[in-house]
Amino acid sequence: MPKQIFTEIQSKKLKKLGILNSLDLLLHIPLRYVDETKVDLIKDIRPGAMCQIEAKIISIEVSYRPRKNLTVYVQDVSGDLKLRFINFYPSQIKQFEEGKMLRVYGEIKSNSFLFEMVHPKYEFISIDTPLKNFYTAVYPATEGLSQKLIFKLVQKVFKQENLNEQYPDYFGNLYREKNLPSLLEALKLIHKPSQEYEKKLFDEKKSIFHKRVIYDELLTHQFFFRGKYHENKSYKSKPILYSDSMQKKFINNLEFKLTNQQQSVFLEIRNDLNQSYPMYRLLQGDVGSGKTVVAVMAALQAINSGFQVAFMAPTEILAEQHFEKLNYWLTKLGIHVALLTGSMKPKLKNILYEKIKSGEAKLIVGTHALIQEKVDYKNIGFYIIDEQHRFGVRQRVALKKKSESNKDFEPHQLMMSATPIPRTLAMNYFADMDISIINEMPPGRQSITTKVFSSEKRSQILDTINQHCLNGNQIYWVCPLIEESETLQLQTAEQTFLDLSKYFVKHKVGLIHGRLPSKDKTEIMEKFKKNKIQLLVATTVIEVGVDIPNATLMVIENAERMGLSQLHQLRGRIGRGNKKSICILLYKKKLSDIAKQRLKVIYENIDGFKIAEEDLKIRGPGEVLGLRQSGLPSLRIADLDRDHELLNLAKIDADILLKKNPKDVSLHINRWHRNYQDVGRS
Ligand code: ADP
Ligand code: MG
């Protein structure tokens, strides 16, 4: 690509916008457009509107008090208008000669007798200076790089001779089928839309020209994910044979009956495990929908086939809780369950490492300690990753490395997530995985009533709490932060703990937060579980997974500061037993619009998928999916919300093209590669 299109200074400035070459520049898509294709009459203009006027200079006025001001009075056939400049050069004063014709574009203000424009865009014209016949692009700009210059450089790129060779269409038929223009045509029109088109379509990035570019970006995105998907299936794994007798033994011992959906997703998993390529499946299910037991059934099959299974949780509390439950279920079947967390004593850890290495430990529950260097599995066949969204995608790479001891075979992988994402979005966005969904709750669950109070009414709920404890129930009291922070004015957990301990002399109050040594955390959770603590003051450490059915009331302070999925996760800690539960959301005035919306959604809905949909409406998919933090390729033009139909198409097409036309797929990916650089495509 000829580099000398831009001067050195220009290149430097373009770099600030992330533009490294001419394709980058062409993909620097305008934010919106202004309409300079027609001229308004001064008599028709209204304050607040963006207008273009052609008028003659009548007089100019320079004043220095109260501040420096250059006023240019202009007139057209219909009326008068003031143009005002606060920053100006002496040379400008000379430019504005009486009688000269100006074409100005700007917003109309009305803070004087005459309408005025402050710092309008202007040019000197003669009678026959033609109007633009295209909409003017407004670009994301940076200092020293004016709109005009960006436009000029873009047009310079288009003036090169060998453009068609530089920007070929790799999948010509596909675009023609969809009535999409060629890439070059699309880019040309995006930067310089002809006035015959409706401007709004361009402003909203819904023109077919935008669609073409967006589709290309989504296609790259799907090449990446679907490529991974198919690549994954090309690895070798040892199939896990299904043993019906093992399964029967387990469920006959279970204290409940599986729901239909638990059974059907288990069937999907079972089927995957039976293949000679690795399972890579995401199990989505609302908080409390009973994902753990499904994972355990799968683990059992793996163990029964002679493999070790690692069950990874994001926090120590959760790992310990899983360990207890799994131990309880599996020792009955003679299976050795081990627990490994980062904070365990080195001596204990070493013993465990030995057991893992020798293969004595069959099911190892733990935190990310499970994938650290020192852990050497004898025969790991299956990883279960709970609350996967907490780990991020990078963990997956670490897992792969871990299985090098078993070099020729990849372990199977099941990820679980309680952040429900609408099905279609999940299918398309997590297109590198298979997805199973549980969206029913085990029977007999009691409803949760949600109440919303201003925190001024905090003292009034203490009675409710007292009554609750007297009836033998337990309570979570959730505070968002533990340290005093004046700016945020959040109640500290420590202070709440002291206050509540003083108030409830008859009930035992406990405090748990992230900074406690894990030994203390375990001890406190243990006490809470045994009802030796009735009221547990907690930070959001209890957000994920904790399962204590006797806790039936939850108070969440500063609920207005929390996101929907966090609130939903927190609330999911109650309503787990067979007693009615109450969730009290306290908020500090004054509520922002978005906080109001969120509280309304959480108040009105209990179904996690429904809440996720609402969340999507409020925040948009990029935020909901956590794309920023995820390390996944981000999209620069496409918007998953606006463009979900194109995303559906892109997914289908990506599958076909990956198979049919891998060479052009590579070329296409390379073209868009810059977006994907830090993802470490292999
Ligand atoms: P999550 O999907 O949020 O991880 P869990 O697996 O922790 O949910 O399950 C929540 C609770 O429901 C646990 O106490 C679990 O033992 C129980 N449970 C799971 N499946 C059923 C079922 N089919 N019937 C009754 N209770 C169930
Ligand atoms: Mg769980």
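The model shown is predicted, which means the values in this text are computed figures rather than measured ones.

Caption draft 1: Layout of the nonpolar core. Counting residues in hydrophobic clusters, the biggest one holds 89 residues, and the most contacted among them are Leu 25, Phe 171, Val 213, Leu 218, Leu 219, Leu 340 and Tyr 377. Here this core gets nine residues from one element, more than from any other, and that element is helix α9 (residues 208–234). If sequence neighbours within four positions are ignored, Leu 340 has contacts with Lys 349, Leu 352, Tyr 353, Ile 356, Ile 364, Val 365, Gly 366, Thr 367, Ala 369, Leu 370 and Val 375. Val 296, Met 297, Ala 319 and Trp 329 belong to the second-largest nonpolar core, a separate cluster that totals 42 residues.

Caption draft 2: Summary view of the sheet that holds strand β10 (residues 308–312). Strands sit in the order β11-β12-β10-β13-β14-β9-β15 across an open sheet of seven strands; the sheet is parallel. Both edges of this open sheet fall to β11 (337–340) and β15 (434–438), since each of them pairs with a single strand only. Strand-to-strand twist of the sheet, defined as the mean angle between neighbouring strand axes without regard to direction, takes the value 20°. Bridge count for strand β13 (residues 380–385) against strand β14 (residues 412–417) is four bridges, and the pairing is parallel. In the sheet register, Ile 385 faces β14, and the bridge partner there is Met 415. Docked against the sheet, helix α14 (residues 346–358) engages β10, β11 and β12 (363–366), running at close to 135° with respect to β11.

Caption draft 3: Seen up close, the sheet that holds strand β7 (residues 121–125). Pairing is mixed across the open sheet formed by six strands, whose spatial order is β6-β4-β3-β2-β5-β7. Strands at the two margins of the open sheet, each flanked by one partner only, are β6 (116–118) and β7. Put simply, the sheet's adjacent strands are angled 35° from each other on average, direction ignored. Alignment of strand β3 (residues 69–76) against strand β4 (residues 79–85), held across seven bridges, turns out to be antiparallel. Paired with Asp 76 across the two strands is Gly 79, which belongs to β4.

Caption draft 4: Region of the structure containing the environment of Glu 116. Along the chain, Glu 116 falls in strand β6. Taking the C-alpha atoms as reference, Glu 116 lies 11 Å from Cys 51; in sequence the two are 65 residues apart. The contacts of Glu 116, once residues within four sequence positions are left out, are Leu 81, Lys 82, Arg 84, Glu 107, Ile 108, Lys 109 and Asn 111. Looking at Glu 116, its side chain comes within polar contact range of the side chain of Arg 84, at 2.9 Å.

Caption draft 5: Representation of the packing of aromatic side chains within the structure. One pass over the full model with this rule turns up 20 aromatic pairs. Ring centres 5.9 Å apart and planes at 90° place the aromatic pair Phe 250 and Trp 329 in the edge-to-face group. Here Trp 329 lies in helix α13 (residues 316–331) and Phe 250 lies in helix α10 (residues 244–253), a separation of 79 residues in the sequence. By relative accessible area, Phe 250 is classed as buried at 1%. Among the aromatic residues, those joined into a cluster by ring pairs are Tyr 33, Tyr 197, Phe 202 and Phe 209. The aromatic ring of Phe 88 is capped on one face by Lys 68, whose charged end is 4.8 Å from the ring centroid. One Lys or Arg, Lys 332, reaches over the ring of Tyr 328 and ends 4.4 Å from the middle of that ring.

Caption draft 6: Quick peek at helix α7 (residues 183–191). With seven of nine residues buried, α7 is to be regarded as a mostly interior element. Of all the positions in α7, only Leu 183, Leu 184, Ala 186, Leu 187, Leu 189, Ile 190 and His 191 are classed as buried.

Caption draft 7: Region of the structure containing the site of ligand 1. Surveying the vicinity of ligand 1 reveals 17 residues, the closest of which are Lys 257, Gly 288, Thr 292, Arg 445 and Asp 547. Contact between ligand 1 and Lys 257: a nitrogen atom at 2.8 Å from a main-chain N or O atom of the residue. For ligand 1, an oxygen atom lies 2.9 Å from a polar atom in the side chain of Lys 325. Considering ligand 1 on its own, with 560 Å² of exposed area, one finds that the protein chains cover 89% of that surface. Broken down by class, the residue content of the shell around ligand 1 amounts to four nonpolar, six polar and seven charged.

Caption draft 8: Representation of unusual backbone geometry within the structure. In this chain, Lys 589 is followed by Lys 590 through a cis amide linkage whose omega measures 5°. Counting through the fold element by element, Lys 590 comes out in the loop between β21 (581–587) and α21 (593–604). Here the phi dihedral of Asn 531 falls at roughly 60°; this positive angle occurs in a residue that is not glycine. Within the fold, Asn 531 resides in the loop between α19 (518–529) and β19 (535–538). If you check the backbone angles, Asn 558 has positive phi at about 50° while not being a glycine. Among the secondary structure elements, Asn 558 is positioned in the loop between β20 (551–556) and α20 (564–571).

Caption draft 9: Focus on the environment of Lys 527. Inspection of the secondary structure puts Lys 527 in helix α19. The exposure class of Lys 527 is partly exposed, given its relative accessible area of 33%. Taking C-alpha positions, Lys 527 is 8.9 Å from Gly 510, a pair spaced 17 residues apart along the chain. Contacts of Lys 527, omitting those with residues within four sequence positions, involve Lys 532 and Ile 533.

Caption draft 10: Local environment of the confidence of the model for the protein chain. Within the protein chain, residue pLDDT values average 87, and 90% of them lie at 70 or more. Confidence over residues 486–490 falls short of pLDDT 50; this stretch has nine contacts with residues more than four positions distant or in other chains. Here residues 675–682 is modelled with pLDDT under 50, and outside its nearest four sequence neighbours on either side it reaches 19 contacts, counting other chains as well.

Caption draft 11: Representation of the side chain of Gln 262. Structurally, Gln 262 is set in helix α11 (residues 260–273). For Gln 262, a relative accessible area of 2% gives the class buried. If sequence neighbours within four positions are ignored, Gln 262 has contacts with Ser 289, Gly 290, Val 293, Val 294 and Ile 438.

Caption draft 12: The arrangement of the side chain of Asn 605 in detail. Summarising the element assignment, Asn 605 is placed in the loop between α21 and α22 (608–619). When residues no more than four places from it in sequence are discounted, the contact partners of Asn 605 are Arg 571, Lys 610, Ile 611 and Glu 614.

Caption draft 13: Main features of the pairing of β21. Of all seven residues making up β21, seven are buried, and the element is well covered by its neighbours. Alternating positions in β21 separate into two faces, Ser 581, Cys 583, Leu 585 and Tyr 587 on one and Ile 582, Ile 584 and Leu 586 on the other, with burial throughout. Looking at chain direction, strand β16 (residues 448–454) and β21 are connected through seven bridges and run parallel. Pairing of Ser 454 across the sheet is with Tyr 587, part of β21. Two elements, β20 and β21, share four bridges in a ladder whose sense is parallel. Within the sheet, the bridge partner assigned to Val 555 lies in β21 and is Ile 584.

Scoring rules and cut-offs
Residues numbered from 1 in each chain as written. Chains lettered and ligands numbered in written order. Predicted model: local features only at pLDDT ≥ 70, side-chain atom pairs only at ≥ 80, totals over all residues. Heavy atoms only, no water. Core = buried A, V, L, I, M, F, W, Y, C linked by side-chain atoms within 4.5 Å. Buried < 20%, exposed > 50% of the residue type's maximum accessible area, 1.4 Å probe, protein only. Helix = DSSP H or I, 4+ residues; strand = E, 2+ residues; numbered from the N terminus. Contact = heavy atoms within 4.5 Å. Pairing = 2+ DSSP bridges. Axes fitted to C-alpha atoms, helices over the stretch in contact; angles between N-to-C directions. Polar contact = N/O pair within 3.5 Å; in protein donor to acceptor, adjacent residues only side chain to side chain. Phe/Tyr/Trp six-rings, centres within 6.5 Å; stacked < 30°, edge-to-face > 60°. Lys NZ or Arg CZ within 6 Å of the ring centre and 35° of its normal. Near = heavy atom within 4 Å. Areas by Shrake-Rupley, 256 points an atom, 1.4 Å probe, with all protein chains shown as cover. Nonpolar A, V, L, I, M, F, W, Y, C, P; charged D, E, K, R; others polar. pLDDT = per-residue confidence, 0-100.

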